[in-house]
Amino acid sequence: MQDFNCKDRAVNYTITGHMSGSELGVQMDCAFEGPRIKRWRVDKQGTRTEDARSMTPGEFDDVWSQIGGIGWENLKNCTNGTEGKNDPLYKWVIKDDQNSNAFECQSVTAPFPYNSLVDPLDVAAQRSGKQLGDDEPADLKKYDKKDKQK
């Protein structure tokens, strides 16, 4: 049994308009069901797939320390100058018992330091060992069938 103080910590990011689906997201929080991480994906047809798992207090604190080291309290909307209107839109909402912040960035991939908020959450969410749905878009599967016919 580990001591754990939630401190109302929560972090959430979503990506809309990504090539793997119309929405992807990961959320880590602790206020309602203890430390947990949840991820989801909505494919281009609107089908939502999600999973969630409990985290140990130590694992939660480790991921939170990586996120806290970025200075999320001071981040603003990203204006990296390379975003296009068709690029994915990343949105973050982060809070604890003292601060809260929400910001976004439209870019093919999250630029530094914003990527440092995505990566530890993705790694923690992936520890479930399961793949979240099919990673090949349906519109590309038709090419697999053509290759098999040869």
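The structure under discussion appears in the preceding block.
Everything quoted here is computed from the prediction, not taken from an experiment.

Whenever I open this one, helix H1 (residues 57-68) confuses me. Can you help?
Residues that lie three or four places apart on an α-helix share one face, since the helix turns once every 3.6 residues. Here H1 contains twelve residues, and its C-alpha end-to-end distance of 16 Å stays within 8% of the 16 Å for a straight helix at 1.5 Å per residue. Of all the residues in H1, the buried ones are Pro 57, Glu 59, Phe 60, Val 63, Trp 64 and Ile 67. The buried side chains of H1 occupy one side of the element, clustering within an arc of 165 degrees when seen end-on. As for H1, its buried residues are in contact with strand E1 (10-18), strand E2 (21-29), strand E3 (36-42), strand E4 (48-54), strand E5 (89-95) and helix H2 (115-126).

Can you help me understand unusual backbone geometry in this one?
Outside of glycine, negative phi angles account for most residues, and trans bonds account for most peptide bonds. Cis geometry is found at the peptide bond from Phe 112 to Pro 113, where omega equals 0 degrees. Looking at where Pro 113 falls in the secondary structure, it is placed in the loop between strand E6 (100-106) and H2. Even without being a glycine, Lys 7 presents a positive backbone phi close to 55 degrees. Relative to the assigned elements, Lys 7 resides in the segment before E1. Given a relative accessible area of 42%, Lys 7 falls into the partly exposed group.

Looking at this model, I keep getting lost on the packing of H1 against H2. Mind explaining?
Two numbers describe a pair of packed helices, the interaxial angle and the distance between the axes. Running from N to C, H1 and H2 cross one another at 165 degrees; their axes reach a closest spacing of 8 Å. Classed by the angle they form, the pair H1 and H2 counts as roughly antiparallel. Between H1 and H2 lies a crossing of right-handed hand. Contacts from Glu 59, Val 63, Gln 66 and Ile 67 in H1 reach Leu 117, Pro 120, Leu 121 and Ala 124 in H2. Residue composition of the contact of H1 with H2, by class: six nonpolar, one polar and one charged.

Looking at this structure, how should I read the pattern of salt bridges?
A side chain with one charge may pair with a side chain of the opposite charge, provided their charged atoms come close. Following the criterion strictly, the structure yields seven salt bridges and no others. Between Asp 8 and Lys 95 there is a salt bridge; the shortest N-O distance is 2.8 Å. Taken together, the positions of Asp 8 in the segment before E1 and Lys 95 in strand E5 put the pair 87 residues apart, joining distant regions of the chain. Residue Lys 95 is classed as partly exposed on the basis of its relative accessible area, which comes to 30%. Close ionic contact of Arg 53 with Glu 59 constitutes a salt bridge, the shortest N to O distance being 2.6 Å. Across the pair, exposure class does not vary: Arg 53 and Glu 59 are buried alike. Ionic contacts of the salt-bridge type, sharing partners, join the residues Arg 53, Glu 59 and Arg 127 into one network.

Explain the state of the cysteines here, please?
Each disulfide consists of one covalent bond between the sulfur atoms belonging to two cysteines. On inspection of all chains with the given rule, the structure shows two disulfides. Note on cysteine connectivity: Cys 6 is disulfide-linked to Cys 30, with sulfurs 2.0 Å apart. A torsion of 85 degrees about the S-S bond marks the disulfide between Cys 6 and Cys 30 as right-handed. Of this pair, Cys 6 sits in the segment before E1 while Cys 30 sits in the loop between E2 and E3, placing them 24 residues apart in sequence. Considered together, Cys 6 and Cys 30 belong to a single accessibility category, that of buried residues. Across a sulfur-sulfur distance of 2.3 Å, Cys 78 and Cys 105 are joined as a disulfide pair. Taken together, the positions of Cys 78 in the loop between H1 and E5 and Cys 105 in strand E6 put the pair 27 residues apart, joining distant regions of the chain.

Rules used in this analysis
- Residues numbered from 1 in each chain as written.
- Predicted model: local features only at pLDDT ≥ 70, side-chain atom pairs only at ≥ 80, totals over all residues.
- Heavy atoms only, no water.
- Helix = DSSP H or I, 4+ residues; strand = E, 2+ residues; numbered from the N terminus.
- Expected span 1.5 Å × (residues − 1).
- Buried < 20%, exposed > 50% of the residue type's maximum accessible area, 1.4 Å probe, protein only.
- Arc of directions from axis to C-beta.
- Contact = heavy atoms within 4.5 Å.
- Axes fitted to C-alpha atoms, helices over the stretch in contact; angles between N-to-C directions.
- Parallel < 35°, antiparallel > 145°, perpendicular 65-115°, else oblique.
- Left-handed = near helix turned anticlockwise from the far one by under 90°.
- Nonpolar A, V, L, I, M, F, W, Y, C, P; charged D, E, K, R; others polar.
- Salt bridge = Lys/Arg side-chain N within 4 Å of Asp/Glu carboxyl O.
- Disulfide = S-S within 2.5 Å.

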